[in-house]
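Observations on chain architecture
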Amino acid sequence: MEIRKAKQPPTAGDQIAELRKELAKGNAFTEALLDNLPIGIAMHTRDKGDIGYANEKFLEIYGGWNRGDFTDLDTFFKSVYRDPEERKRVRRRILQDMATGDQERMRWDDLRITCRDGTEKILSVQNVPLPAMNLVISTVRDVTDQKLTERALRESERRYQVMAESSPVGIFRLDPDGRCCHVNKRWREMAGLTLTQALGESWISAVHPEDRDAVSETWQSALNERRSYKTECRFKRPGGKTAWVLCQAEPVFDTRGSLEGFIGSVTDISRRKRTEEEVRQLAYYDPLTKLPNRYFFQEQLERALATAQRTGRHVALLFCDLDNFKDVNDSLGHDKGDLLLKEIARRLSACTRRGDTLCRLGGDEFVLLLPSVPGDHEVVAVARKILAAMKRPFDLDGNEIYSTTSIGIAVFPDDGGDFHTLLKHADMAMYAAKGRGRNRYRFFSEDMNKRALERVGLEAGLRQAIDRGELSLAWQPQYQLQERRMVGVEALLRWNHPELGEIRPAKFVPLAEETGLIHSIGEWVLRTACAQMRSWQDEGLSPVRLAVNLSASQFSEPGLVEMVRRVLRETGLDASWLELEITESILMHDADVALKTLQSLAEDGVNLALDDFGTGFSSLLYLKKYPIGRIKIAREFVQDITREPNDAAIAGTVISMARHLSMQAVAEGVETEEQALLLRELDCHEVQGFLFARPMTGNEFADKLR
Ligand code: C2E
Ligand code: MG
Ligand code: MG
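The paragraphs below set out a description of the structure included in this document. These numbers come from a predicted model, not from an experiment. (Residues numbered from 1 in each chain as written. Chains lettered and ligands numbered in written order. Predicted model: local features only at pLDDT ≥ 70, side-chain atom pairs only at ≥ 80, totals over all residues. Heavy atoms only, no water.)

1. Notes on the coordination of the magnesium ion (ligand 3)
- In this structure, Asp611 (OD), Asp612 (OD), Glu668 (OE) and Glu668 (OE) serve as the protein donors to the magnesium ion (ligand 3), at separations of 1.9 to 2.6 Å.
- Spacing between the donor residues of the magnesium ion (ligand 3) along their common chain follows D-D-x55-E.
- Here the magnesium ion (ligand 3) and the magnesium ion (ligand 2) are spaced 4.0 Å apart, linked through aspartate 611, which binds each one. With a gap of 57 residues between them, aspartate 611 in strand β23 (residues 607–613) and glutamate 668 in the loop between β25 (664–667) and α25 (673–681) connect regions that are remote in the sequence.
- Using a relative accessible area of 7% as the deciding quantity, one classes aspartate 611 as buried.
- You can call glutamate 668 buried: its relative accessible area is 11%. (Donors = N, O, S within 2.8 Å, 3.2 Å for Na, K, Ca; no water. Helix = DSSP H or I, 4+ residues; strand = E, 2+ residues; numbered from the N terminus. Buried < 20%, exposed > 50% of the residue type's maximum accessible area, 1.4 Å probe, protein only.)

2. Brief notes about the coordination of the magnesium ion (ligand 2)
- Protein-derived ligands of the magnesium ion (ligand 2) are Glu490 (OE), Asn549 (OD1), Glu581 (OE) and Asp611 (OD), with the metal-ligand distances lying across 2.0 to 2.3 Å.
- All donors of the magnesium ion (ligand 2) belong to a single chain; written as a sequence motif, their spacing is E-x58-N-x31-E-x29-D.

3. Some details on the environment of glutamate 636
- Relative to the helices and strands, glutamate 636 is located in helix α23 (residues 635–638).
- Separated by 22 residues in sequence, glutamate 636 and glycine 614 have C-alpha atoms that sit 8.5 Å apart.
- The residues contacting glutamate 636, other than those within four sequence positions of it, are Thr615 and Asp647. (Contact = heavy atoms within 4.5 Å.)

4. Some remarks on the pattern of salt bridges
- With the rule as written, the count across this model stands at 52 salt bridges.
- Glutamate 459 is paired through a salt bridge with arginine 463; the nearest N and O atoms lie 3.0 Å apart. With glutamate 459 and arginine 463 both in helix α16 (residues 446–465) and four residues apart, the pair spans about one turn of that helix.
- Exposure remark for arginine 463: the relative accessible area of 45% places this residue in the partly exposed category.
- Lysine 632 serves as the salt-bridge partner of glutamate 490, at 2.8 Å between the closest nitrogen and oxygen. Of this pair, glutamate 490 sits in strand β19 (residues 485–497) while lysine 632 is found in strand β24 (residues 630–633), placing the two residues 142 residues apart along the sequence. Here the two residues glutamate 490 and lysine 632 agree in accessibility, since each one is buried. (Salt bridge = Lys/Arg side-chain N within 4 Å of Asp/Glu carboxyl O.)

5. A word on the environment of threonine 515
- Positionally, threonine 515 belongs in helix α17 (residues 505–515).
- Separated by 56 residues in sequence, threonine 515 and glutamate 459 have C-alpha atoms that sit 8.1 Å apart.
- When near neighbours in sequence (up to four residues on either side) are disregarded, threonine 515 contacts Glu459 and Arg463.

The values reported here are purely geometric and, on their own, carry no functional implication.
Laid out in structure tokens, this is it:
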């Protein structure tokens with residue numbers, strides 16, 4: 001159009017005439033272009049308000065007028081604003097704004113009009129004055145729909161806020177990074193957080209610390225993958241309380257598909273959880289004693305059997321049945337019977353260790369599961385503990401009664417491979433125990449009964465062995481390998497049983513440890529050996545080092561260091577002649593206490609040797625901090641040293657590492673010349689074994705010294 005290019009300000013009449021002429025010229029292109037724009041366009045002169053042009057859209061927006069209907073602003077206003085007041089107001093405003101020339105104010109975003117047919121519209125109008133040409137160009141858009149939508153949105157947002165705030169469900173909104181941007185009242189109550197504490201933080205800050213790691217992990221992956229999320233967890237609440245909640249979150253995307261955030265809900269499921277727990281209690285626990293019932297027991301047993309199949313350990317079932325429960329019930333009544341059962345449950349529980357399961361099968365039948373036992377003596381120990389626990393009288397509300405128990409024992413794998421068989425066999429063994437006079441235990445298998453009996457006899461005998469003078473020492477010399485010179489002797493314990501003859505320590509030392517007899521026996525060994533060595537020294541026999549074995553349970557006794565000092569003092573043997581042989585298990589149990597004890601012994605001048613090295617778990621480097629002077633390589637490694645390259649390599653490594661750590665290596669159980677030669681090649685310092693000397697009596701050894 002020519003209009004913008006005019007150089008001199010033409011008169012209004014000229015302008016309009018020009019414009020009309022242009023359009024009349026049938027500039028079909030321009031007209032078509034203007035008429036097809038999606039916005040209304042009109043032009044009028046600035047001073048008189050003559051309307052020179054209005055496109056189709058403009059006429060349509062204002063209510064379907066014809067081009068000839070508006071010739072000037074007056075007719076326009078008259079036609080469009082039928083209410084004189086409104087007309088005046090709008091007109092004044094438009095003219096005023098134009099007079100100030102303020103571009104901003106000439107833009108109206110919310111001009112409301114009523115069309116000819118009565119419909120109301122909201123228009124966005126922009127007036128652009130072109131003073132040089134005395135023209136004003138108006139562009140008009142119908143924004144009715146947009147404005148209504150915005151208003152509806154604002155309204156729904158407001159309603160959402162009101163609704164959310166009063167919702168009985170906890171509601172939260174998160175930004176795309178998972179930080180809270182809104183949490184409603186209920187949410188804040190459940191989480192025990194204020195709005196300011198919650199906003200900007202991850203919602204996980206409301207989760208109970210114990211659940212936090214697990215929740216974090218699953219939530220993080222939902223967040224990363226922008227998918228919906230659901231979990232049950234606990235919320236921490238002020239005052240140390242917790243609430244179980246069901247937490248759900250859905251991702252929200254905008255129209256372009258980018259993540260706007262998450263919207264989620266939190267429901268309190270504490271009551272459901274409580275009910276579930278109650279149901280579990282009912283299904284799995286005995287309401288009277290609060291012990292697990294048969295179903296729970298079966299599950300635990302089956303789990304234990306599966307594990308034992310892998311580990312090769314034994315599983316034991318101890319079926320306990322009261323010997324006189326019926327009498328109590330009949331004479332004192334069921335209330336007292338219930339009291340007795342509760343007390344029995346308490347005493348039985350006290351006999352269990354972590355990992356054991358005690359359950360009440362029903363009536364006066366209890367069964368104890370030991371899920372992993374190395375052998376039958378552990379089982380016997382528990383059975384005897386139970387029998388001992390029943391010895392004290394029971395106080396049933398003032399009635400003092402005595403009750404005993406009979407115990408039947410079945411052991412996997414020997415006595416059965418499944419729950420029903422094992423339970424049946426334990427039950428049968430329990431009846432056998434009752435048949436033999438009650439208040440005792442019986443194994444299902446005869447074999448085990450025999451062994452248990454033997455043990456009981458052995459234990460009774462061991463208690464008297466010292467007093468009866470049945471203990472003695474055997475002496476096995478130790479040699480320096482290079483020169484085959486005797487440098488030491490190990491005192492080995494022997495028990496000369498009046499009926500069974502000589503019993504080796506492997507058979508009775510574990511029993512002595514279990515029964516606590518090891519402390520008096522251990523002291524007897526040390527005292528006898530030291531006294532003997534001192535008397536040989538006094539005889540003028542060439543002295544050698546004396547090795548005495550200490551067992552792990554001796555080591556856990558607090559008075560050990562004192563005992564050693566006392567014995568040395570009383571026998572008069574110098575500490576430097578004594579070497580105590582300890583095993584790796586000592587270092588495993590309570591490493592700090594072990595270190596202290598060993599240090600005290602070393603400070604006294606006592607030598608320390610690590611016995612049976614290689615059968616435990618320790619590495620040589622780990623031993624560095626202990627004041628150990630000699631390592632005894634276990635017989636298990638030495639015996640195949642000439643046949644098994646692996647064993648030779650292990651022995652070689654131990655020897656060279658020992659030297660590296662300023663320790664000496666002693667090979668145990670050397671039986672052949674080949675072994676001795678190979679050990680010499682490996683530079684082993686000392687040896688002990690049948691090749692050089694078997695354990696012998698004191699007199700034989702004294703002869704050797706001479
Ligand atoms: P240990 O301390 O490793 O003692 C060496 C064991 O190996 C002794 O068995 C000994 O007779 C045996 N032995 C030595 N040389 C050979 C050999 O060349 N070939 C074979 N096959 N065996 C050999 P013993 O006397 O039966 O002692 C067994 C274990 O009992 C000892 O192993 C030690 O751990 C423990 N023990 C012995 N006496 C005592 C003691 O007074 N107190 C404590 N707590 N344990 C002791
Ligand atoms: Mg030893
Ligand atoms: Mg040994």
